[in-house]
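Close look at the chain arrangement
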Amino acid sequence: MRVVISPLVPEGETVVVFEREDELIWAFAPGQITEKAVEDANTQLQHLAGHGLWGQLLWGGDQQEPPHRAAS
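Anyway, here's the lowdown on the structure attached to this text.

1. Details of the sheet that holds strand β3 (residues 23-28)
The strand order β1-β3-β2 describes an open sheet built from 3 strands, whose pairing is mixed. Two strands in the sheet have a free side with no partner beyond their single neighbour: β1 (2-5) and β2 (15-20). Taking the axes of each pair of neighbouring strands and ignoring which way they run, one obtains an average angle of 30° across the sheet.

Laid out in structure tokens, this is it:
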């Protein structure tokens, strides 16, 4: 997963999420997010994935329900 700034985001949209093989991409329209925010988000995403704190199931594969939280 990664965050990018892309001129291909349709007019009137702030962000679109799309996927390509083995990757989910959050594409922000120019002027909607700073380069620093993109860098910081990608650093955090790399940390999460690298430490097993984030994973992505294959869309066509076995899907699991997210764990349910206990009521507080």
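2. Focus on the pattern of salt bridges
Pairing is possible between side chains of opposite charge, provided their charged atoms come close. Counted by the stated rule, this structure contains 3 salt bridges. With its nearest N and O atoms 3.2 Å apart, the salt bridge here joins E23 to R20. The class for E23 is buried, based on a relative accessible area of 17%. Notably, a salt bridge pairs K36 with D40, separated by 2.9 Å at the nearest N-O pair. Here D40 and K36 lie together in helix α1 (residues 35-50), a separation of 4 residues that amounts to about one turn. The exposure class of D40 is partly exposed, given its relative accessible area of 35%. Among the charged side chains, a network of salt bridges with common partners joins R2, R20 and E23.

3. Section: the pairing of β2
Both β2 and β3 contribute to a ladder of 6 bridges, which runs antiparallel. By the bridge assignment for β3, F18 is matched with I25. In textbook terms, the turn of a hairpin is the stretch between consecutive antiparallel strands, and for β2 and β3 this stretch comprises 2 residues, one of which, D22, has a positive phi near 65°.

4. What to know about the side chain of E23
With respect to the element layout, E23 can be found in strand β3. In terms of polar contacts, E23 uses its side chain to reach the side chain of R2, at 2.5 Å. If we skip the residues at most four places from it in the chain, E23 touches R2 and F18.

Cut-offs and rules
- Residues numbered from 1 in each chain as written.
- Predicted model: local features only at pLDDT ≥ 70, side-chain atom pairs only at ≥ 80, totals over all residues.
- Heavy atoms only, no water.
- Pairing = 2+ DSSP bridges.
- Helix = DSSP H or I, 4+ residues; strand = E, 2+ residues; numbered from the N terminus.
- Axes fitted to C-alpha atoms, helices over the stretch in contact; angles between N-to-C directions.
- Salt bridge = Lys/Arg side-chain N within 4 Å of Asp/Glu carboxyl O.
- Buried < 20%, exposed > 50% of the residue type's maximum accessible area, 1.4 Å probe, protein only.
- Polar contact = N/O pair within 3.5 Å; in protein donor to acceptor, adjacent residues only side chain to side chain.
- Contact = heavy atoms within 4.5 Å.

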